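Breakdown of the fold
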Amino acid sequence: MSDRRAESALSDQFESVEQQHGADLFGMWIFLATEVMFFGGLLVAYAVYRHAYPHGFDLASHRLSVVFGTVDTAVLLCSSLTMVLAVRALRLGQRLPSIALLLATATLGCGFLVLHGTEYYHEWQEHLVPGRYFQFEGPHLTEAQLFFWLYFALTGLHSFHVIIGVVLMLVLAASVFERRLDAERYIALEVSGLYWHFVDIVWVFLFPLLYLIGLR
Amino acid sequence: MSAPIVAIKVYLKVWGALLLLLALTVAAAYVPMGEFHLPVALAISVTKAFLIVFVFMEIKWGGRLLHLAAIAALLWLAIFFVLTFNDYLTRDLPSALVR
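Described in the following lines is the structure provided in the data block. (Residues numbered from 1 in each chain as written. Chains lettered and ligands numbered in written order. Predicted model: local features only at pLDDT ≥ 70, side-chain atom pairs only at ≥ 80, totals over all residues. Heavy atoms only, no water.)

Quick look at the overall build of chain A
When helices and strands are tallied, chain A shows seven helices and zero strands. Each helix and strand of chain A, placed in order from N terminus to C terminus, yields the pattern α-α-α-α-α-α-α. The C-alpha extent of chain A, read off along each of the three principal axes, is 70 × 30 × 30 Å. Buried positions account for 52% of the 216 residues belonging to chain A. Total accessible area computed for chain A in this model is approximately 9,400 Å², and 65% of it derives from carbon and sulfur atoms. In chain A, 12 positive and 19 negative side-chain charges are present, and the distance between their average locations comes to 7 Å. (Helix = DSSP H or I, 4+ residues; strand = E, 2+ residues; numbered from the N terminus. Buried < 20%, exposed > 50% of the residue type's maximum accessible area, 1.4 Å probe, protein only. Areas by Shrake-Rupley, 256 points an atom, 1.4 Å probe, with all protein chains shown as cover. Lys, Arg positive; Asp, Glu negative; His and termini not counted. Charge placed at Lys NZ, Arg CZ, Asp CG, Glu CD.)

Shown next as structure tokens:
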């Protein structure tokens, strides 16, 4: 039985399951490297303008809620824990715990999106969305608008990644449920875990760069 | 090639450390440090990222190829930053970008 499973888990182009496993992991890491460059473009733009307008950026950042940002971060860090535990559970053949942990990861991801949606809603009400209704007291209106442009671009792109991750977790949970993934064929889960942790890492940098600049 | 199955305790410890570092980075934002705000915040973020990459993303147990891919990502990001700032910090800029 286990022999046949290992057979079916192996694609034609690979010599062994080990080789296939290594190729899958390498492919994901290369993808994540391109993602680093994807976010890198916006981060460089952020760095250039923050360097040019330090004071305007400090003042604009003070309009964001540190409490929300901290809870956002904590939620994502917890979701990374449930993710590694889901992979571990599946590798040990614990099918139902693995499904439960994947659903927990998806739920935490949704929690993050709801929190962030609430923040966006507050910012919309406070006229902090760049455009013709943008309002900012004092002489730093243009600079603050630039900060909020970068804030919405960076967090929007990040939230988009979280949405993809949540969908991925639900698909994976269904695959484990239908036994298309199991203790021998867990690579899809492991590789998706790498993606989820990457999204977590992006937020680990966005949080202090957007919410915690300038003395509070 | 595949990473060993690690005890849950290891993951819980890393998770605890990540939450502690989160508390630390928030606390640091309220300490008057002048110019040192950004370096301290970034140092804490790098430590958190390192923990996630090392244990959660299993780079600790990964082969050389994976190490290379991870380092390449950082190297290219560094080139991006260094070459961009090489320009912005040394060239005559339109008045809007000068402090």
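Here the narrative resumes.
Some thoughts on the overall build of chain B
Secondary structure summary: chain B contains three helices and zero strands in total. The helix and strand sequence of chain B, counted from the amino end, reads α-α-α. Its C-alpha radius of gyration of 19 Å places chain B more than 25% over the 13 Å reference for a compact globule of 99 residues. For chain B, the C-alpha atoms occupy an extent of roughly 55 × 35 × 15 Å along the three principal directions. Here chain B holds 99 residues, and 33% of them are scored as buried. (Rg over C-alpha atoms; globule rule 2.2 N^0.38 Å.)

What about helix α2 (residues 37-56) of chain B?
Taking 1.5 Å of rise per residue, 20 residues should cover 28 Å, and α2 of chain B covers 28 Å from first to last C-alpha, within 8% of that figure. For α2 of chain B, the full list of buried residues reads H37, A41, I44, S45, K48, A49, I52, V55 and F56 of chain B. Summarising the axial view, the buried residues of α2 of chain B lie within an arc of 160°, below the 170-degree limit, and thus occupy one face. As for α2 of chain B, its buried residues are in contact with α4 (66-91) and α7 (187-211) of chain A together with α1 (8-28) of chain B. (Expected span 1.5 Å × (residues − 1). Arc of directions from axis to C-beta. Contact = heavy atoms within 4.5 Å.)

Digging into the packing of helix α5 (residues 95-125) of chain A against α7 of chain A
Residue and element names in this part refer to chain A. α7 packs onto α5 with a crossing angle of 25° between their chain directions and a minimal axis gap of 13 Å. In terms of orientation, α5 lies roughly parallel with respect to α7. Crossing handedness for the pair α5 and α7: left-handed. Side by side, α5 and α7 meet where S98, L102, T105, G109, F112, H116 and E119 of the first sit next to L189, W196, W203 and Y211 of the second. (Axes fitted to C-alpha atoms, helices over the stretch in contact; angles between N-to-C directions. Parallel < 35°, antiparallel > 145°, perpendicular 65-115°, else oblique. Left-handed = near helix turned anticlockwise from the far one by under 90°.)

Regarding the interface of chain A and chain B
The interface is formed by 52 residues belonging to chain A together with 50 residues belonging to chain B. For the chain A face of the interface with chain B, the top three residues by lost area are W29, L77 and R88 of chain A, together amounting to 14%. Inspection of the region where chain A meets chain B yields three residue pairs in polar contact (both at pLDDT 80 or more). Only α2 (17-52), α4 and α7 of chain A provide two or more residues apiece to the side of chain A that touches chain B. For the side of chain A that touches chain B, the element with the highest residue contribution is α2 of chain A, accounting for 21 residues. Its residues assigned to classes, the side of chain A that touches chain B shows 35 nonpolar, ten polar and seven charged. (Buried area = accessible area lost by both parts, 1.4 Å probe. Polar contact = N/O pair within 3.5 Å; in protein donor to acceptor, adjacent residues only side chain to side chain. Nonpolar A, V, L, I, M, F, W, Y, C, P; charged D, E, K, R; others polar.)

Description of the packing of aromatic side chains
Residues and elements named next belong to chain B. What the rule picks out here adds up to 20 aromatic pairs over all chains. Consider the rings of F81 and F85, whose centres lie 6.5 Å apart with planes at 5°: the pair is stacked. Of the two residues, F81 and F85 are both situated in helix α3 (residues 64-88); the distance of four residues between them amounts to about one turn of the helix. A residue is classified by how much of its surface remains accessible, and F81, at 25% relative accessible area, is partly exposed. (Phe/Tyr/Trp six-rings, centres within 6.5 Å; stacked < 30°, edge-to-face > 60°.)

Points about the layout of surface pockets
Estimated volume of the largest pocket: approximately 1,400 Å³. Residue lining of the largest pocket: 46 residues in total, with F205 and L209 of chain A together with L42, V46 and F81 of chain B positioned closest to the centre. Of all the elements in the fold, those that place two or more residues in the lining of the largest pocket are α2, α3 (54-61) and α7 of chain A together with α2 and α3 of chain B. Among the residues forming the lining of the largest pocket, the class breakdown is 35 nonpolar, six polar and five charged. Volume-wise, the second largest pocket comes out at about 220 Å³. In terms of lining, the second largest pocket is formed by twelve residues, of which the most central are A9, V17, H21, E184 and R185 of chain A. Among the elements of the structure, α1 (2-9) and α2 of chain A are those that each provide at least two residues to the lining of the second largest pocket. It is α2 of chain A that contributes the most residues to the lining of the second largest pocket, four residues altogether. Class assignment of the residues belonging to the lining of the second largest pocket gives a composition of six nonpolar, three polar and three charged. (1 Å grid on protein atoms, 1.4 Å probe; cavity = no way out; pocket = protein on both sides within 12 Å on 5 of 7 lines; lining within 4 Å. Points joined across faces, edges and corners; volume = space filled by probe spheres on them.)

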